[in-house]
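Architecture and fold: a report
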Amino acid sequence: CAIVLIVLSGILVVLNIQGRFDKLDSDSLLLTDCRGIIMLERNGISYTTSDKTVLREDDRITCKTGSTAKVLVNDGYLVLGDGSQIEIAESVNSHFVMNVDEGEVFVNVTNGISMEFGGRQVDIADAVACLSVRKGAQSISVYLGRVFDAQAGQIIEWIHDEVSVRECSINSLNDFNI
């Protein structure tokens, strides 16, 4: 009888960590459209995840090579590209802060989200943009609206400590953007 209780307790702990008992509400982030291997690290435990996972503060999502996933946020969404790694830094009263450690994140939001990368924080609202984070260089291509100092049709780039804004060109698009 004690062994059965221990096994059941273990199963319940695993299911809780995986978010099987989480309820989706208006302040939740939802991981959907998972293609390929998507790793979720929660409470120090890393495992492959699937569609319809409710995300929590401090969750770290990693899209392995050839993988993509979508995160539904408020009235918009983020698409995580191949090799992207993000962490949910804050999730309070429909205010979300995400740390982007590397990769590309396509953002389409109305109410806004804060993205942290390379020691910077940029608020994105009423915009469609693509954030690219690589070692020593980050950029945001703005397709609709305004982000930081760039408006639609422009790219803002940070290379080490220098920042520049330039016009988008067809050559700046890659497979993920298209």
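Further up the page is the structure itself.
Glancing now at the pattern of salt bridges. Under the defined criterion, the tally for this structure stands at five salt bridges. Asp59 is the salt-bridge partner of Arg42, the closest N and O atoms lying 2.6 Å from each other. Here Arg42, found in strand β2 (residues 38–42), pairs with Asp59, found in the loop between β4 (53–55) and β5 (60–63); they are 17 residues apart in sequence, far enough to count as distant. Judged by relative accessible area, Arg42 falls into the buried class, the value being 1%. Here Glu87 makes a salt bridge to Arg60, at a shortest N to O gap of 2.9 Å.

Let us look at the packing of aromatic side chains. Following the criterion strictly, the structure yields four aromatic pairs and no others. In textbook terms, an aromatic cluster arises when at least three aromatic residues are bridged by ring pairs, as seen for Tyr77, Phe106 and Tyr143. Over the ring of Tyr77 we find Lys70; its NZ or CZ atom is 4.7 Å from the centre of that ring.

Moving on, we come to the pairing of strand β9 (residues 95–109). With 11 of 15 residues buried, β9 is to be regarded as a mostly interior element. The sheet contact formed by strand β7 (residues 76–80) and β9 spans four bridges and is antiparallel. Across the sheet, the residue bridging to Leu78 is Val107, located in β9. When strand β8 (residues 85–92) meets β9, the two strands line up antiparallel, connected through seven bridges. Its bridge partner being in β9, Ile86 is matched across the sheet by Val100. Summarising the sheet, β9 and strand β10 (residues 113–117) pair through three bridges and their orientation is parallel. Counted as the bridge partner of Val97 is Ser114 from β10.

Below, the discussion takes up the nonpolar core. Of all hydrophobic cores here, the largest spans 37 residues; its most connected members are Met98, Ile113, Met115, Phe117, Ile124 and Ile140. With residues near it in sequence (within four places) discarded, Met98 still touches Leu29, Val71, Leu78, Ile86, Glu87, Ile88, Ala89, Ile113, Ser114, Met115 and Glu116.

Attention shifts here to the environment of Arg35. Its place among the elements puts Arg35 in strand β1 (residues 29–35). The exposure class assigned to Arg35 is exposed, which follows from its relative accessible area of 54%. Considering only alpha carbons, one finds Arg35 and Ser50, 15 residues apart in sequence, at a separation of 8.6 Å. Each residue touching Arg35, except ones within four places of it in the same chain, is listed here: Gly66, Ser67 and Thr68.

The rules behind the values
Every residue gets a number counted from 1 within its own chain, in the order that chain's sequence is written. Two thresholds apply to this predicted model, a pLDDT of at least 70 for residue-level local features and 80 or more for giving and counting side-chain atom pairs, whereas whole-chain, interface and lining totals are computed over all residues. The basis for every side-chain value is the complete set of heavy atoms in the structure, and neither hydrogens nor water enter the calculation. For this document, the term salt bridge refers to a Lys or Arg side-chain nitrogen within 4 Å of an Asp or Glu carboxyl oxygen. Per the convention used, a helix needs a DSSP run of H or I reaching at least four residues, while a strand needs a run of E reaching at least two, with both numbered from the N terminus. When a residue's accessible area, from a 1.4 Å probe over protein chains only, is under 20% of the maximum for its type it is buried; when over 50% it is exposed; and in between it is partly exposed. Each aromatic pair joins two rings of Phe, Tyr and Trp (for Trp, the six-membered one) with centres within 6.5 Å, and gets the label stacked for planes under 30 degrees apart, edge-to-face for over 60, and tilted for any other angle. By definition here, charges over rings are those cases where NZ of Lys or CZ of Arg is within 6 Å of the ring centre and within 35 degrees of the ring normal. A strand pair is defined by DSSP finding two or more bridges across the two strands. Throughout this description, the term nonpolar core refers to a set of buried Ala, Val, Leu, Ile, Met, Phe, Trp, Tyr and Cys residues connected via side-chain atoms within 4.5 Å. Here a residue-residue contact requires only that any non-hydrogen atoms of the pair lie within 4.5 Å.

Keep in mind these values describe shape, not function.
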